[in-house]
Amino acid sequence: MIGAGLMGHGIAQVFAVHDHTVTIFDANPKVLDAVRSRIQANLHRLGEDASALDRLRICPALEQAVAGADFVVEAAPEDLKLKRQLFAAIEAAAPPAAILASNTSVIPITQIMAELADRTRCLGTHWWNPPFLVPLVEVIETQWTAPEVVARTIALHQAIGKTAVHVKRDVAGFVGNRLQHALWREAIALVEQGVCDAQTIDTVIKASFGRRLAVLGPLENADLVGTDLTLAIHRIVLGAIDSRPYPSPYLEKLVAEGCLGMKSGQGFRNWNTEDIAALEARVTRHLRDAQRHDTAENPASSP
Ligand SMILES: NC(=O)c1ccc[n+]([C@@H]2O[C@H](COP(=O)([O-])OP(=O)(O)OC[C@H]3O[C@@H](n4cnc5c(N)ncnc54)[C@H](O)[C@@H]3O)[C@@H](O)[C@H]2O)c1
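Model, not experiment: these values are computed from the prediction.

Q: Sorry if this is basic, but what is going on with the packing of helix α1 (residues 6-17) against helix α2 (residues 29-46) here?
A: How two helices sit against one another is set out by the angle between their axes and by the gap between those axes. It is the contact of α1 with α2, at a shortest axis distance of 10 Å, that shows an interaxial angle of 65°. Both α1 and α2 take part in a crossing whose hand is right-handed. On α2, the residues that touch L6, H9, A12, Q13 and V17 of α1 are V35, R38, I39, N42, L43 and L46. Looking at the contact of α1 with α2 residue by residue, the classes come out as seven nonpolar, three polar and one charged.

Q: What is the right way to look at the site of the ligand in this model?
A: Lining the immediate surroundings of the ligand are 23 residues, of which M7, D26, E78, K83 and S105 lie closest. One of the side-chain nitrogen or oxygen atoms of E78 is found 2.5 Å away from an oxygen atom of the ligand. In this structure, an oxygen atom belonging to the ligand sits 2.8 Å away from a side-chain N or O atom of K83. Ranked by residues supplied to the shell around the ligand, first place goes to helix α4 (residues 80-93) with three residues.

Q: Even after reading the chapter, I still don't get helix α6 (residues 147-159), so can you show me in this structure?
A: Each α-helix winds once per 3.6 residues, and so residues spaced three or four apart point in a common direction. Helix length check: α6 (13 residues) gives 18 Å between terminal C-alpha atoms against 18 Å at 1.5 Å per residue, within 8%. Every buried residue belonging to α6 is among V149, V150, T153, I154, L156 and H157, and all of these are buried. Angularly, the buried residues of α6 cover 160° about the axis, an arc narrow enough to put them on a single face. Summarising the geometry of α6, the exposed residues directed more than 90 degrees from the buried face are P147 and A159. Of the residues flanking the end of α6, it is G161, one or two places downstream, whose phi is positive at about 85°.

Q: Quick question: what am I supposed to make of the pattern of salt bridges here?
A: Where charged atoms from two side chains of opposite charge approach closely, those side chains can pair. Enumeration according to the criterion identifies ten salt bridges in this entry. With a closest N to O distance of 3.2 Å, K253 and E257 form a salt bridge. With a relative accessible area of 51%, K253 lands in the exposed category. Each member of the salt-bridge network shares a partner with another, and the members are E74, E78 and K83.

Q: I keep staring at the environment of M7 and nothing clicks. Help me out?
A: Within the secondary structure layout, M7 lies in helix α1. Each C-alpha atom of the pair M7 and L32 lies 13 Å from the other, and the pair is 25 residues apart in sequence. With residues near it in sequence (within four places) discarded, M7 still touches A75, N103, W127, W128, N129 and P131.

Q: Would you take a moment to explain the packing of helix α7 (residues 176-192) against helix α8 (residues 198-206) for this structure?
A: Packing of α7 against α8 leaves a shortest axis separation of 9 Å and a crossing angle of 135°. Relative to α8, α7 is oriented oblique. In terms of crossing hand, the pair formed by α7 and α8 is right-handed. Listed contacts from α8 to L183, A187, L190 and V191 of α7 are A198, I201 and I205.

Q: Explain the pairing of strand β7 (residues 163-167) here, please?
A: Two faces make up the sheet, and in a regular strand the side chains alternate between them. Where strand β6 (residues 136-140) lies against β7, five bridges are found, and the strand directions are parallel. Its bridge partner being in β7, I140 is matched across the sheet by V167. In the classification by handedness, the crossover that spans β6, the intervening α6 and the parallel β7 is right-handed.

Q: Just checking my understanding: could you explain the nonpolar core for this structure?
A: In a soluble, globular protein the nonpolar side chains are often hidden away together inside. If you look at the biggest cluster of nonpolar residues, it comprises 40 residues, and the most contacted ones within it are M1, F15, V22, I24 and W127. Sort the elements by how many residues they give to this core and α1 lands first, with seven residues. For F15, the residues in contact, after removing those within four places along its chain, are H20, V22, V73, W127, L156, H157 and I160. Core analysis: the second largest hydrophobic core is formed by 25 residues, F25, A93, I107 and M113 among them.

Q: Just to check I follow, could you spell out the environment of P245 for this structure?
A: The residue P245 is located in the loop between α11 (227-237) and α12 (249-256) in this model. As for P245 and R185, which are separated by 60 residues in sequence, their C-alpha atoms are 9.9 Å apart.

Q: Explain the sheet that holds β6 here, please?
A: As a general point, the strands of a sheet are linked pairwise by backbone hydrogen bonds and lie either parallel or antiparallel. Read across the sheet, five strands follow the order β3-β4-β5-β6-β7 without closing on themselves; strand pairing throughout is mixed. The strands lining the two open edges of the sheet, one partner per strand, are β3 (71-74) and β7. This sheet shows a mean twist of 25° between the axes of neighbouring strands, independent of strand direction.

Parameters at a glance
- Residues numbered from 1 in each chain as written.
- Predicted model: local features only at pLDDT ≥ 70, side-chain atom pairs only at ≥ 80, totals over all residues.
- Heavy atoms only, no water.
- Axes fitted to C-alpha atoms, helices over the stretch in contact; angles between N-to-C directions.
- Helix = DSSP H or I, 4+ residues; strand = E, 2+ residues; numbered from the N terminus.
- Left-handed = near helix turned anticlockwise from the far one by under 90°.
- Contact = heavy atoms within 4.5 Å.
- Nonpolar A, V, L, I, M, F, W, Y, C, P; charged D, E, K, R; others polar.
- Near = heavy atom within 4 Å.
- Polar contact = N/O pair within 3.5 Å; in protein donor to acceptor, adjacent residues only side chain to side chain.
- Expected span 1.5 Å × (residues − 1).
- Buried < 20%, exposed > 50% of the residue type's maximum accessible area, 1.4 Å probe, protein only.
- Arc of directions from axis to C-beta.
- Salt bridge = Lys/Arg side-chain N within 4 Å of Asp/Glu carboxyl O.
- Parallel < 35°, antiparallel > 145°, perpendicular 65-115°, else oblique.
- Pairing = 2+ DSSP bridges.
- Right-handed = clockwise from strand over helix to strand, strands pointing away.
- Core = buried A, V, L, I, M, F, W, Y, C linked by side-chain atoms within 4.5 Å.

Below is the structure:
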């Protein structure tokens, strides 16, 4: 595991819980020092067995961390130049048969891996936060990835309880973030145009199609209402939906003014410490309930 921040420590946790030995490297010694106790606290909160901690190896050098690896996952910051440098170092130090994966959110894997000598063993594995509560991992194939590398990666993630899907073309944002940010773009545009305020956007989604989304995907929904109705709706509404191929000026202005969201106390909405704690508790409770429900339906998926 290269990078042990928000995503990296959680990904390491999932592999360790499912009996894999995980060697973890992070460039920040403080992060590295804290990773074991961070995972211990997660396991405690989730009511899971602490024996996973015995399978963690904390490693202060990248070369040493990947030297014996079968599978390397990178979760360093979302910076193309940094990721390219990291994979050059990983390729030089990892065994030739190791699979190399990036957890990038939106950067095409092709761009990250372009300079490597053996690109047949490289792909994307895109997890969602928190990795131990959100089931999906998108497995992103590039034009160079060997089919057996895709198949082994999907099998590996299924075996650790994840819902692994095959993304067959390496497009920016893959599948999940393209869909998510299509929605966010329109949400921001509606606020920008004064149609409603930010709180109303979130209420509309949470109290309507958001309620169904976890059990009814958009294309299931289109088939439910009929493709003919979907077509009729699209003929009227698509021309009105924001399609600017760049970030909203409203969003640019928020960032320029230092309104960075919860971390600065103000973004689309104002936030205080209690609001933030309540929101985090609400999301965690919801995701844990959903995971318990999944486990009850399919006991084989539990750790
Ligand atoms: N946060 C999310 O919800 C989320 C979800 C899916 C994917 N991602 C992607 O996962 C990656 C990591 O995101 P995050 O949210 O965990 O970020 P983060 O900032 O919490 O963690 C990144 C870690 O990388 C470490 N790091 C920096 N330079 C390094 C280097 N040269 N070598 C090794 N480690 C280094 C940092 O010290 C930090 O601990 C990004 O590509 C991000 O886009 C994030």
